[in-house]
Amino acid sequence: MSDEVVIEAMVWENREPETEAERKDLEAGKEALREIDRLKIDGTYEIERARFAALVDPPSPTLARLIERVANGENSPFQNLLDGLDRNPDPEQRARFERLYQEGDFDHKTPREIWHILECLESAKKPKGRPSISPPWRNEVEHMDAMRLSIASGATVTVPEAARATAANESRVSAERPNDLAKLYRAKMKLRE
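Residues numbered from 1 in each chain as written. Predicted model: local features only at pLDDT ≥ 70, side-chain atom pairs only at ≥ 80, totals over all residues. Heavy atoms only, no water.

Section: the nonpolar core
Step number 1: By size, the foremost hydrophobic cluster in this structure holds 16 residues, and its most contacted members are Trp137, Met144, Met147, Leu181 and Leu191.
Step number 2: Looking at this core, the elements that each hand over two or more residues are α1 (3-13), α2 (20-42), α8 (141-153), α9 (159-168) and α10 (177-190).
Step number 3: With sequence-adjacent residues up to four places away left out, Trp137 is seen in contact with Glu8, Trp12, Met144, Leu184, Ala187, Lys188 and Leu191.
Step number 4: If you look at the next biggest cluster of nonpolar residues, it comprises eight residues, including Leu81, Phe97, Ile114 and Ala124. (Core = buried A, V, L, I, M, F, W, Y, C linked by side-chain atoms within 4.5 Å. Buried < 20%, exposed > 50% of the residue type's maximum accessible area, 1.4 Å probe, protein only. Helix = DSSP H or I, 4+ residues; strand = E, 2+ residues; numbered from the N terminus. Contact = heavy atoms within 4.5 Å.)

Okay, structure coming up:
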């Protein structure tokens with residue numbers, strides 16, 4: 001997943017900030033997206049990305065092992081706690097998780113100190129249904145980039161024209177495909193406002 005999509009997902013999920021910190025994060029994300037747009041249009045995005053990557057230290061072996069353990073599901077008791085606190089559709093079960101969190105003073109304890117408790121927790125109920133894709137265009141990154149470059153270069157003037165031109169390059173195009181691409185592109189650009 002590209003850096004741009006990761007930032008877009010953050011901005012997409014926090015479109016309506018509730019706190020000052022969330023508002024600042026949202027503005028920083030929007031500014032980063034505008035800068036990515038500028039660099040991609042200039043054709044210097046990959047160069048700048050490589051330059052910044054060279055300035056960042058590679059992850060430590062300890063962090064790499066931790067990431068691997070989380071990916072293998074070894075962190076599932078902690079994820080169960082987070083699911084019970086945040087995404088739980090059952091208000092009674094959520095209240096039990098919150099009470100345990102508060103009374104256990106989990107804010108001030110390390111995971112190692114509470115791990116034995118986390119492993120004994122009941123499984124948190126999860127929301128039913130298919131999770132929404134965030135952002136909705138995450139599977140259309142190449143098409144969105146092509147439309148951005150087409151509009152910026154002046155090859156097409158409007159979003160519908162860029163969508164038609166991009167859709168025309170596909171092997172099978174439905175009549176609604178250009179409209180779908182235009183709608184996704186407008187939503188993508190709205191995140192930058």
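Observations concerning α10
Step number 1: Look at α10: 20 Å from first C-alpha to last across 14 residues, which is about the 20 Å you get at 1.5 Å a residue.
Step number 2: Arg177, Pro178, Leu181, Ala182, Leu184, Tyr185 and Lys188 are the residues of α10 that are buried. Looking down the long axis of α10, one finds its buried residues gathered within 165 degrees of arc, a one-sided arrangement. Those residues of α10 that are exposed and angled more than 90 degrees off the buried face are Asn179, Lys183 and Lys190.
Step number 3: Looking at the packing, one finds that the buried side of α10 touches α1, α8 and α9. (Expected span 1.5 Å × (residues − 1). Arc of directions from axis to C-beta.)

Regarding a nonpolar patch on the surface
Step number 1: Together, Phe52, Leu55 and Val56 make up a nonpolar patch on the protein surface, roughly 330 Å² of accessible area in all.
Step number 2: As for its position among the elements, Phe52 is in helix α3 (residues 45-55).
Step number 3: Among the residues examined, Phe52 registers a relative accessible area of 47% and is labelled partly exposed. (Patch = residues over 30% accessible without salt bridge, like charges linked within 9 Å, V, L, I, M, F, W, Y side chains within 5 Å. Areas by Shrake-Rupley, 256 points an atom, 1.4 Å probe, with all protein chains shown as cover. Salt bridge = Lys/Arg side-chain N within 4 Å of Asp/Glu carboxyl O.)

Overview of the packing of α2 against α8
Step number 1: α8 packs onto α2 with a crossing angle of 70 degrees between their chain directions and a minimal axis gap of 10 Å. As summarised for this structure, α2 and α8 are arranged roughly perpendicular, according to the angle between their axes. Two secondary-structure elements touch here, α2 through Asp37, Lys40 and Ile41 and α8 through Asp145, Arg148, Leu149 and Ala152.
Step number 2: Of the residues assigned to the contact of α2 with α8, the class counts are three nonpolar, no polar and four charged. (Axes fitted to C-alpha atoms, helices over the stretch in contact; angles between N-to-C directions. Parallel < 35°, antiparallel > 145°, perpendicular 65-115°, else oblique. Nonpolar A, V, L, I, M, F, W, Y, C, P; charged D, E, K, R; others polar.)

A word on the packing of α8 against α10
How two helices sit against one another is set out by the angle between their axes and by the gap between those axes.
Step number 1: Closest axis-to-axis distance for the α8/α10 pair is 10 Å, and the angle between their directions is 80 degrees. Of the possible angle classes, the one that applies to α8 and α10 is roughly perpendicular. Listed contacts from α10 to His143, Met144, Met147, Arg148 and Ile151 of α8 are Arg177, Leu181, Ala182, Leu184, Tyr185 and Lys188.

Describing the packing of aromatic side chains
When we look at a pair of aromatic rings, we describe it by the centre distance and by the angle of the planes.
Step number 1: With the rule as written, the count across this model stands at two aromatic pairs.
Step number 2: Taking the centre distance of 5.5 Å and the plane angle of 85 degrees together, the rings of Trp12 and Trp137 count as edge-to-face. Taken together, the residues span a long stretch of sequence, with Trp12 in helix α1 and Trp137 in the loop between α7 (111-118) and α8 at a distance of 125 residues. For the residue pair Trp12 and Trp137, the accessibility class agrees, reading buried in each case. (Phe/Tyr/Trp six-rings, centres within 6.5 Å; stacked < 30°, edge-to-face > 60°.)

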